Amino acid sequence: MLLKNDIEQIARIVERENVLTGKEELYCYAEDSMNFCGLHVSPDAVIFVETIEQVQKVVRYANSKKIPVVSRGAGTNMVGACTCPKGGIVLNFSRMNKILELNTVDMTMTVQPGAVLGEIKHLAEEEGLFYPPDPSNYKVSTIGGSIAQSSGGAMGFKYGTTKDYILSLKVVLADGTLVKLGKGTIKDAAGYHLNQLIIGSEGTLAVVVEAELKLIPKPQSSRTILAYFNTLEAAAEGVNNIIKKKVFPAAIDFMDKNSICTVEKFYPSGLNLDKEAMLLVVIDGFESSMNFQQQEVFDALNSAGADFVEAAVTEEQKEAIWTARRASFAATAKLAPDVLSDDIIVPRSKISSMVRGCKDICDKYGLMVCMVGHLGDGNIHPQIALNLENEDEFKKYCSAKAEIYELANSLGGTISAEHGIGTEKIAYLTRTIDDEALKYMKKVKELFDPNNILNPDKIFKL
C-alpha cells in the first residue's frame, strides 16, 4: 500500500493533478475487459505519464520501495493482464499516444505506447502503406497493449501478428534504466533478439515507452467472400481446399450457428439462420489477380459443399459483413448478465474436432456458447454467456473451461493464441508448456525484475 509520503514523492514527478487516488477514481482500474478477475483489487494510485523521463522516475521510485507497477493502455484485454492483484501503481499511457514519425521510404512508423491501433492503421494507409495486425478492438486498443499481449486478429493467417511487425523497442527496466532493443532494420543478427522477449510478456519484464513498427505496401485491392455450410466439417474442408489451391487469403474467419443467430437477433444483418457455419474469406493483392483468386476460392468452397457463396466487392458490403462478425461478442453479451470470451488454438487439421468438442462440452454443462474465430490459423474464440453471480453456473463454467483447455492440448494446441495468460489462465499454464520451459521463464523474470514489481502475479506466480 502506498503511504501519503509515496504519493507526495510521485506527485513531484508528474504533478499532483496527474495522480488519481480517490476511491471512485481507482475502482474502475480494478478490472479490464475480462468481466471478472475474482479479485476486484483497486490500485493505490493511477499515474498519467507524459514523458519517458517520468516513466523512468516513477518506476525507479517504485522499485526502491518495492511497489507494484502495472502498465495500462485502453484496458481491453480479456485475461486480467492489467489488473492489480497486489494494489500498487497503474501507469496510464493515454497521454503518451503520439505517432512520432512515419518514414515512407524505410516503411517504418515510430509510436508511443498509447497510440491507438486504428489511428496507426489509418495513417499508414493514407500513405499507401499497411500495418496488418487487426484485433477486433483495434479502433480503441493501443499499440502498447498489443505489444504486451502479442495480439493478432483475422489478418494473422497471411500476415502474422504483432511480433512480426516490431523492429525495435525502447523500454524502461525495473530499476528505471532506459534501453533500446533492436534496430530499425528488416534484418538484425547482432546478438539476442531481446525485443522479441518483451513482446507478449504482458508488462512483466519491462515497460514499453516507444516502438518502431514495420509497415508493408498496402494491397491494391481486396474482396470479402461469404459462404455458408451445413456442417462445421464442411467449412473446415473448404479452408483446406483453398490452401491446396495455393491461394493465400488475408483472412479466413468463421461463425457457428449460435453466433449467427445471436448476431441476427440483436444486430440484424441479413445472415442465413439455417446453416451450421459461415466463412468469411478475404483475398487481397493486385486488382488484376482478384478475379482469378475469387474463382479459385469459389471452386474450393463449392467442392467442399458450400450451400451459398457470394463476394462482397464494395466497401459498404465488406463493412456490413465484418460488422456482423465483430458484433458477435456484443450480441452474446445480451443473452445473459455476463459473457466470457476465451482464446484457444489448435493445428488447422484439428479445427473441426476442436469446435465440435467445445460445443459438446458446453452442452454437457448446460452453457450457451457462441463460437467465432480465425479458422485459417486454427484460433477459436468460444463466447460463453452466463450469470457470474450464480454460483452453480460459475462452477459449471470453470469445469467446462478446464475441459476445453484439456481438449485443445490433446489436439496439439495451446490455451492462448492472442489474448495472453494474465491472471485468468495462470492455473492452466503448466498443462500447456514444458516444466523446464516454465522454469526458464521464471529465471528470465527474476533477472529482469528481481523485486517482482512489474505486473506481478501475471502469467505465473513466483
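Please refer to the structure placed before this passage.
Residues numbered from 1 in each chain as written. Predicted model: local features only at pLDDT ≥ 70, side-chain atom pairs only at ≥ 80, totals over all residues. Heavy atoms only, no water.

K.L.:
Would you take a moment to explain the sheet that holds strand S8 (residues 166-172) for this structure?
P.N.:
As a general point, the strands of a sheet are linked pairwise by backbone hydrogen bonds and lie either parallel or antiparallel. With antiparallel pairing, the 5 strands of this open sheet are ordered in space as S5-S6-S10-S8-S9. Because the sheet does not close on itself, it has two edges, and the strands there are strand S5 (99-103) and strand S9 (178-182). With direction set aside, neighbouring strand axes in the sheet form an average angle of 15 degrees. Relative to S9, S8 runs antiparallel, the two being bridged by 5 bridges. Opposite valine 171, over in S9, you have valine 179 as the bridge partner. Of the strands in this sheet, S8, S9 and strand S10 (207-214) are in contact with helix H3 (residues 52-65), which crosses S10 at around 140 degrees. (Pairing = 2+ DSSP bridges. Helix = DSSP H or I, 4+ residues; strand = E, 2+ residues; numbered from the N terminus. Axes fitted to C-alpha atoms, helices over the stretch in contact; angles between N-to-C directions. Contact = heavy atoms within 4.5 Å.)

K.L.:
So what exactly am I meant to see when it comes to the packing of helix H8 (residues 232-244) against helix H10 (residues 287-303) here?
P.N.:
A pair of packed helices can be characterised by two numbers: the angle between their axes and the separation between those axes. Two numbers describe how H8 lies on H10: the axes approach to 8 Å, and their chain directions differ by 140 degrees. In terms of orientation, H8 and H10 fall into the oblique class. Taken as a pair, H8 and H10 cross one another with a handedness that is right-handed. Where H8 approaches H10, its residues Glu237, Gly238, Asn241 and Ile242 are matched on the opposing element by Val297, Ala300, Leu301 and Ser303. Its residues assigned to classes, the contact of H8 with H10 comprises 4 nonpolar, 3 polar and 1 charged. (Parallel < 35°, antiparallel > 145°, perpendicular 65-115°, else oblique. Left-handed = near helix turned anticlockwise from the far one by under 90°. Nonpolar A, V, L, I, M, F, W, Y, C, P; charged D, E, K, R; others polar.)

K.L.:
In this structure, what is going on with the packing of H8 against helix H13 (residues 351-364)? I would like to understand it.
P.N.:
Packing of H8 against H13 leaves a shortest axis separation of 9 Å and a crossing angle of 155 degrees. What the angle tells us is that H8 and H13 run roughly antiparallel. Here H8 runs over H13; the crossing is right-handed. Taking contact as the criterion, the partners of Leu232, Glu233 and Ala236 in H8 are, on H13, Ile351, Ser352, Val355 and Arg356. Tallied by class, the residues present in the contact of H8 with H13 amount to 4 nonpolar, 1 polar and 2 charged.

K.L.:
Could you clarify how one ought to interpret a nonpolar patch on the surface in this entry?
P.N.:
Where nonpolar side chains cluster on the molecular surface, the patch consists of Tyr192, Leu194 and Leu197 and spans about 340 Å² of accessible area. Among the secondary structure elements, leucine 194 is positioned in helix H7 (residues 194-198). Its relative accessible area of 34% is what places leucine 194 among the partly exposed residues. (Patch = residues over 30% accessible without salt bridge, like charges linked within 9 Å, V, L, I, M, F, W, Y side chains within 5 Å. Areas by Shrake-Rupley, 256 points an atom, 1.4 Å probe, with all protein chains shown as cover. Salt bridge = Lys/Arg side-chain N within 4 Å of Asp/Glu carboxyl O. Buried < 20%, exposed > 50% of the residue type's maximum accessible area, 1.4 Å probe, protein only.)

K.L.:
Would you mind going over unusual backbone geometry with me for this structure?
P.N.:
The bulk of non-glycine residues show a negative phi, and the bulk of peptide bonds are trans. The phi dihedral of glutamate 15 is positive, around 80 degrees, even though this residue is not glycine. Note that glutamate 15 resides in the loop between helix H1 (4-14) and strand S1 (19-20). Phi is positive for aspartate 457, close to 60 degrees, though the residue is something other than glycine. Along the chain, the position of aspartate 457 falls in the segment after helix H15 (435-448). On the basis of relative accessible area, aspartate 457 is assigned to the buried category, the value being 14%.

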